[in-house]
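Architecture at a glance
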Amino acid sequence: MSFAKSDQVARILAVDDIQDNLIIIETLLESEGYKIDLVSNGETALKKVLQSPPDLILLDVMMPGMDGYEVTRRIKSNSDLNYIPILLITAFDESSVVEGLDAGADDFIRKPFNTDELLARVRSLLRLKRSMDEQQKMTEQREDFVSRLTHDLRTPLVAADRMLALFQQEVFGAIPPDMKEPIAVMIRSNQNLMQMVNTLLEVYRFEAGKKTLNLAKCNLTEIVREVIDELNPIAIDKNLNLQLNTHQLNQLENPGAIVLGDRLELRRVFNNLIANAIKFTDTGGVEVSISTDKNAIMIAVADTGYGIAADDQETIFERFRQGKNSKHNRAGSGLGLHLSKIIVEAHGGKVELCSELGKGSVFTIKLPKVNE
């Protein structure tokens, strides 16, 4: 069954400097119901692809001027183009399959080709094209759904947060004593949900390539101190010791912890890691240490909490992942660590985990250092 029997006729671009070869390909493929465009050189082929991208390209390798390898490389390196499969066609012993595939070609066929084999390869590549297009469509639909969902959810959550705050402030009248705690619980739950929605939106923006980092020189010591000052009351409520260790920096002649980064996004990372450490620690404390070497700044968040099992450590940074230990399912969406990893990697850094059940965890962020 040919592709022509489906709802949409495939458009194929054939590129060859020999007119007789183009006529043979055109006759063969048009008889199968495909729509064929013919060009005789690489430069014209590139212009044609940019003007009206085809569903498949049959490309001769040995052409004067720009050969098929270069045409393939340019098409495959153009991020503005959707996926277009390329079938390279060449004479025996005139070119390398390895070179063609390394250039980005999807398949390779030798001249003189068998008619049935050529048609089979065409059908196979067009099936691949349809599959890739469907995946792209599903990805775009998912991204659009997440964007709309998070936007639509934030509006009522913000409104509810403001209304609950007015109730708590007794703007509408005195609140019975037995209602104050339930209202406080609703406020916390609403704020937790709003935080989840905001985190999901940020993950979407990063993964969709729609997030722009505002890069500038940042002093990580200052940022970490700000986060610790904000979170310290929570640690005190749990009788935990939250401290910052900069001893290694203090011993250096130039103790700067300067990186090129987005201050707000880095602050989000530290807030998430330190808040998690406090949340999952019942006794002992949390120590944040900052150190540096010639090329990197290291920020380690160590706690004396429950620890994370070895099998959980392999997936802890994935979306919607939480530890299997019931202690780690107290709250959260499983997005915080995933977003933190995305942000750190967007800054050219990496985040590592070292943990043992019952002995706590250490999350270490490494970021490229810049001179002050």
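Residues numbered from 1 in each chain as written. Predicted model: local features only at pLDDT ≥ 70, side-chain atom pairs only at ≥ 80, totals over all residues. Heavy atoms only, no water.

Re the overall build of the protein chain
- What the protein chain contains, in helices and strands, is 11 helices and 12 strands.
- Burial status across the protein chain gives 41% buried among its 372 residues.
- By sequence separation, contacts in the protein chain at least 24 residues apart represent 66% of the contacts at least 6 residues apart.
- Total accessible area on the protein chain is roughly 20,400 Å²; 51% of this is exposed by carbon and sulfur atoms. (Helix = DSSP H or I, 4+ residues; strand = E, 2+ residues; numbered from the N terminus. Buried < 20%, exposed > 50% of the residue type's maximum accessible area, 1.4 Å probe, protein only. Contact = heavy atoms within 4.5 Å. Areas by Shrake-Rupley, 256 points an atom, 1.4 Å probe, with all protein chains shown as cover.)

Examining the sheet that holds strand β4 (residues 86-91)
- Spatial ordering of the open sheet is given by β2-β1-β3-β4-β5, a layout of five strands whose pairing is parallel. Every interior strand has two partners, whereas the edge strands, β2 (35-39) and β5 (107-111), have only one. Shown here is a sheet whose adjacent strand axes are inclined to one another by a mean of 20°, direction ignored.
- Direction of pairing for strand β1 (residues 11-15) relative to strand β3 (residues 56-60): parallel, over a ladder of four bridges. Each residue of the ladder has a partner; that of I12, found in β3, is L56.
- Contacts from helix α1 (residues 19-30) reach β1, β2, β3, β4 and β5, with the element oriented near 170° to β2.
- Contacts between helix α2 (residues 42-51) and the sheet are confined to β1, β2 and β3, with β1 contributing the most and set at about 165° to the helix. (Pairing = 2+ DSSP bridges. Axes fitted to C-alpha atoms, helices over the stretch in contact; angles between N-to-C directions.)

Considerations on the pattern of salt bridges
- For the coordinates displayed, the defined rule picks out 19 salt bridges.
- Bridged by salt links that share partners, the residues E226, E230, R263 and R267 form one connected network. (Salt bridge = Lys/Arg side-chain N within 4 Å of Asp/Glu carboxyl O.)

A few points about the sheet that holds strand β10 (residues 296-303)
- Pairing is mixed in the open sheet, where five strands are placed in the order β7-β9-β10-β12-β11. Where the open sheet ends on each side, the last strands, each with one partner, are β7 (241-245) and β11 (350-356). On average, adjacent strands in this sheet sit at an angle of 10° to one another, irrespective of strand direction.
- Relative to strand β9 (residues 285-292), β7 is paired through five bridges, and the arrangement is parallel. Each bridged residue has a counterpart across the sheet, and for Q243 the counterpart in β9 is E287.
- Sitting on the sheet, helix α7 (residues 220-237) touches β7, β9, β10 and β12 (360-368), and the angle it makes with β7 is about 170°.

Observations concerning the pairing of β10
- With seven of eight residues buried, β10 is to be regarded as a mostly interior element.
- Pairing geometry for β9 and β10, over seven bridges, is antiparallel. Across the sheet, the residue bridging to I290 is I299, located in β10.
- The hairpin formed by β9 and β10 contains three residues between the paired strands.
- Looking at chain direction, β10 and β12 are connected through seven bridges and run antiparallel. Residue pairing for β12: A296 is matched across the bridge by P368.

Here we look at a nonpolar patch on the surface
- There is a patch of nonpolar side chains on the surface, built from M163, L166, F167, V171 and F172 and spanning about 450 Å² of accessible area.
- On the secondary structure map, F172 appears in the loop between α5 (115-168) and α6 (177-207). (Patch = residues over 30% accessible without salt bridge, like charges linked within 9 Å, V, L, I, M, F, W, Y side chains within 5 Å.)

Remarks on the side chain of N245
- With respect to the helices, strands and loops of the structure, N245 is situated in strand β7.
- Apart from the residues lying within four places of it in its own chain, the contact partners of N245 are E287, V288, S289 and I290.

Considering unusual backbone geometry
- Between K111 and the following residue, P112, the backbone shows a cis peptide bond with an omega angle of -10°.
- In this structure, P112 sits in the loop between β5 and α5.
- The phi dihedral of E170 is positive, around 60°, even though this residue is not glycine.
- Counting through the fold element by element, E170 comes out in the loop between α5 and α6.
- On the accessibility criterion, E170 (34% relative accessible area) is partly exposed.
- Within the chain, N239 stands out as a residue other than glycine whose phi angle is a positive 60°.
- Within the element layout of this structure, N239 appears in the loop between α7 and β7.

Concerning empty space enclosed by the protein
- Tallied over the entire structure, the rule returns two cavities of 30 Å³ or more.
- The volume enclosed by the second largest cavity comes to roughly 30 Å³.
- The wall of the second largest cavity is formed by V15, D16, I25, L58, L59, D60, I89 and K111.
- No other element matches the three residues that β3 contributes to the lining of the second largest cavity. (1 Å grid on protein atoms, 1.4 Å probe; cavity = no way out; pocket = protein on both sides within 12 Å on 5 of 7 lines; lining within 4 Å. Points joined across faces, edges and corners; volume = space filled by probe spheres on them.)

A closer look at the nonpolar core
- By size, the foremost hydrophobic cluster in this structure holds 42 residues, and its most contacted members are L220, L242, F270, I274, I278, I299 and I365.
- Of all elements in the fold, only α6, α7, α9 (263-279), β9, β10, α11 (336-346), β11 and β12 reach the threshold of two or more residues within this core.
- Setting aside chain neighbours within four positions, we find I299 in contact with L220, V224, F270, V288, S289, I290, F363, T364 and I365. (Core = buried A, V, L, I, M, F, W, Y, C linked by side-chain atoms within 4.5 Å.)

Any functional reading would require information that these geometric values do not contain.
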